[in-house]
Number of protein chains: 2
Amino acid sequence: MIHAAAKIQAAGGVRTLAFDASAPLQLANGEHVAPLTVAFETYGALNTDRTNAVLVCHALTTDQFVASPNPITGRPAWWPRIVGPGRPIDTNRFIVICANVLGGSMGTTGPATLGPDHQPNGLRFPPITIADMVRAQSMLIEALGIESLFLVIGAGMGGMQALNWVSAYPKRAFACVTVAAAARQSATNIAISELGRQAVMADPDWRGGGYTAHGVRPSKGLAVARMAAQVASLSEQGVRSRIEDARQRERFKFDADVGTHGAIFVERFDANSYLYLSRAMDGFDLGADFGGRLANAFQGGSTRHAVFSFSSDWRFPPADGRTVARALIAAGADTSFVEIDSEKGHDAYLHEEPEFEATLTGFIDSAASARGLSLQGGGA
Amino acid sequence: MIHAAAKIQAAGGVRTLAFDASAPLQLANGEHVAPLTVAFETYGALNTDRTNAVLVCHALTTDQFVASPNPITGRPAWWPRIVGPGRPIDTNRFIVICANVLGGSMGTTGPATLGPDHQPNGLRFPPITIADMVRAQSMLIEALGIESLFLVIGAGMGGMQALNWVSAYPKRAFACVTVAAAARQSATNIAISELGRQAVMADPDWRGGGYTAHGVRPSKGLAVARMAAQVASLSEQGVRSRIEDARQRERFKFDADVGTHGAIFVERFDANSYLYLSRAMDGFDLGADFGGRLANAFQGGSTRHAVFSFSSDWRFPPADGRTVARALIAAGADTSFVEIDSEKGHDAYLHEEPEFEATLTGFIDSAASARGLSLQGGGA
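As the structure is a computational prediction, the values presented were derived from the model and not from experiment.

K.L.:
Would you mind showing me how to read the interface of chain A and chain B here?
P.N.:
For interface size, the figure often reported is the accessible area lost on association. In this complex, chain A contributes 47 residues to the contact, which on the side of chain B involves 47 residues. Both sides together, the interface formed by chain A and chain B hides about 4200 Å², and carbon and sulfur atoms give 66% of it. Considering only the surface of chain A that becomes buried against chain B, Arg-251, Phe-252 and Arg-279 of chain A emerge as the three largest contributors, covering 20% of it. Where chain A touches chain B, the interface holds zero salt bridges. On inspection of chain A and its partner chain B, the count reaches two residue pairs in polar contact (both at pLDDT 80 or more). Counting residues per element, the side of chain A that touches chain B draws most heavily on helix α3 (residues 187–202) of chain A, at twelve residues. Taken together, the residues of the side of chain A that touches chain B break down into 27 nonpolar, five polar and 15 charged.

Here it is, written out as structure tokens:
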């Protein structure tokens, strides 16, 4: 059941939903994006009642390939421990949808996609917000014929989207899981991502954003930016060890581009996309949009929430999770806050964390049961 | 009373104490620096008992010109509110000594000074620590004929030096003031400074550290690094405003080098010096050198301490100050911890903060009185 103004296409292993110009995406700043294309992946099958859909919102440096290898970069699925057959988000039971975010560089419209002149949009692309990303996802979900999600879940920038989703569409998600995220970007995070952006823009090959037309890429600047994301995902101890290792290896060395994943990121991630997405994160302050009281962002909803934080995550520390949980409870939402004791920092959610997986499974199973979803797909 | 192996020189408005090769600086890593030159400034006069000396330790991006304009950069004194006639550190009463740190680029031996081949040391300069900086200062203080300081004081990297000073020389400081600092560099700070370093090294004009020989400077990378220091000195709200202003000015722009002070920094601060000093900060962990128990670093001392933190300083948050104060108290030191309520972030100590100035004045006056120092110079 695809929207009349949209059609599904596939090329090079990337599936997209292309809206035509009659269905523009309205942005928070008054501008619009048209035509809009949203790249997405699905895993599992929609049940007949259309009540088993899970939307996974990806983080800054990941993409829609949550449970399968990325055919372009060759990078494996980024959340295989959580999404798949028999995993906490069981694709035998749920249909899982993951869309490349607005402004991303894996098929969804953004600075890397071509404008009417067949040149990349580059800096002509309008500034975007987390709310704009969510609106684009909402268009996709509607076009897929899904009125209401069973679950919206995300970590980091994805967690911001999940919170924004339940705020914008209080009746369209039965459950929401926020992992290692915040309702407002911290000064630490803003400072680190601004440094990453400045490093990109300081690269002579950035060419004022027009690198594609010059046949170059600001690889060194992007490598620094990627390192910003990477270092910031380590625990306090992880950061120390990394720097200590570097010190012992060589006195001083430009090593931001070391490592396979790093090279893939630098090769494939569009530098301008990094600028747009990181700035969208920096501008995220959900409470500010509601008179400075975060609880007001969640009024009138009936979504049940689980908020996860990891003890060693200094980018999105447990205090941020507690702030979200407090606001949800103040808004009358059924809310669990879970702080997982972990030494793995922000990226703990990507690694083996038995307590996280067990608690997440419990929350999802209980919510599924409350929505009348059977264990193996199908509706009530 | 200058050390036999050292002589005072002055050139271009910069005063130095040059040790000859018979007085090498022993580094923590077993290497040594010889000959060592220490650039320094003094304000006020030493009393006959030599008991009124104050050592001010400067921060990462400042220098020895604490109370007078820098003749090279033209930058005004960086701490005129605190150091000067009638100020909390009253130069009518004390002799104030401030030395450019080891590895700095304002006259003290470091990567920017010339090696035996008349080329800058560059990366041939050995890696240094905060303890090494303190050891160089100790050689200066001894050479000036001062056995024991009345006060050692510093903020940020300077605060680290002050703590290291009283730990290394427990009998050589009557009082110690630590401002907006920590006994151990945090992951946030390490991540931000590593990004600054990578931005410098990513600049094609860094040339593997050999930029001087090529007649170039990694100005863009250094501008990013300097922005790292600058953004990180703002309060949480200050960071937000800065980014918001940038967003409103222009979509995306390399603006790390905007502003007069920024330009001066980028023109005058040696890029390699930034690498060395920031890494010395990152490696600072005073407790780790004492079996992981910070209190052990301060055993056997009789120094009285004041530890200042600013409420909005997220780089060196009040929790860091409390940790230092707790360790000092556990070591039996007479210690006051003062958290100043301020919206000015890490740099609050440079701005008008009446409560900070009043409390600092009270602490210094009381300590001076305990040491038998009269109000207008002179000894007991």
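Still more to cover.
K.L.:
Mind showing me how you'd approach the UniProt feature "site: Important for acyl-CoA specificity" (unreviewed entry) in chain A here?
P.N.:
Residue and element names in this part refer to chain A. Sites flagged by UniProt as "site: Important for acyl-CoA specificity" (unreviewed entry) map to Arg-315. Residue placement: Arg-315 occurs in the loop between β12 (304–310) and α8 (318–330). Classification of Arg-315 as buried rests on a relative accessible area of 9%. Setting aside its immediate chain neighbours within four residues, Arg-315 contacts Ser-186, Asn-189, Ile-192, Ala-228, Ala-232 and Asp-320.

K.L.:
Would you mind going over the nonpolar core with me for this structure?
P.N.:
Residues Val-152, Trp-165 and Phe-298 of chain A together with Val-152, Trp-165 and Phe-298 of chain B are the most contacted members of the largest nonpolar core, which totals 179 residues. Other than its neighbours up to four places away in sequence, Phe-298 of chain A contacts Leu-163, Val-166, Ser-167, Leu-286, Ala-327, Leu-328 and Ala-331 of chain A.

K.L.:
Just checking my understanding: could you explain the pairing of strand β5 (residues 37–43) of chain B for this structure?
P.N.:
Look at any regular strand and the pattern is simple: side chains alternate between the two faces of the sheet. Residues and elements named next belong to chain B. Where burial is concerned, most of β5 is hidden: five out of the seven residues are buried. Relative to β5, strand β2 (residues 14–19) runs antiparallel, the two sharing three bridges. From the neighbouring strand, Leu-17 faces β5, where its bridge partner is Val-38. For β5 and strand β9 (residues 95–99), the ladder comprises four bridges, and the chain directions are antiparallel. The residue of β9 that forms the bridge with Tyr-43 is Val-96.

K.L.:
So what exactly am I meant to see when it comes to the sheet that holds strand β13 (residues 335–340) of chain A here?
P.N.:
Residue and element names in this part refer to chain A. The mixed open sheet is built from nine strands, whose spatial order is β1-β2-β5-β9-β6-β10-β11-β12-β13. With partners counted over all chains shown, the strands left at the sheet margins are β1 (6–11) and β13, one partner each. Shown here is a sheet whose adjacent strand axes are inclined to one another by a mean of 25°, direction ignored. Across six bridges, the pairing between β12 and β13 is parallel. Bridge assignment links Phe-310 to a residue of β13, and that residue is Ile-340. Contacts between helix α1 (residues 130–143) and the sheet are confined to β2 (14–19), β5 (37–43), β6 (53–57), β9 (95–99) and β10 (149–155), with β2 contributing the most and set at about 95° to the helix.

The rules behind these values
- Residues numbered from 1 in each chain as written.
- Chains lettered and ligands numbered in written order.
- Predicted model: local features only at pLDDT ≥ 70, side-chain atom pairs only at ≥ 80, totals over all residues.
- Heavy atoms only, no water.
- Contact = heavy atoms within 4.5 Å.
- Buried area = accessible area lost by both parts, 1.4 Å probe.
- Salt bridge = Lys/Arg side-chain N within 4 Å of Asp/Glu carboxyl O.
- Polar contact = N/O pair within 3.5 Å; in protein donor to acceptor, adjacent residues only side chain to side chain.
- Helix = DSSP H or I, 4+ residues; strand = E, 2+ residues; numbered from the N terminus.
- Nonpolar A, V, L, I, M, F, W, Y, C, P; charged D, E, K, R; others polar.
- UniProt positions renumbered as here; feature names shortened; annotations may be inferred.
- Buried < 20%, exposed > 50% of the residue type's maximum accessible area, 1.4 Å probe, protein only.
- Core = buried A, V, L, I, M, F, W, Y, C linked by side-chain atoms within 4.5 Å.
- Pairing = 2+ DSSP bridges.
- Axes fitted to C-alpha atoms, helices over the stretch in contact; angles between N-to-C directions.

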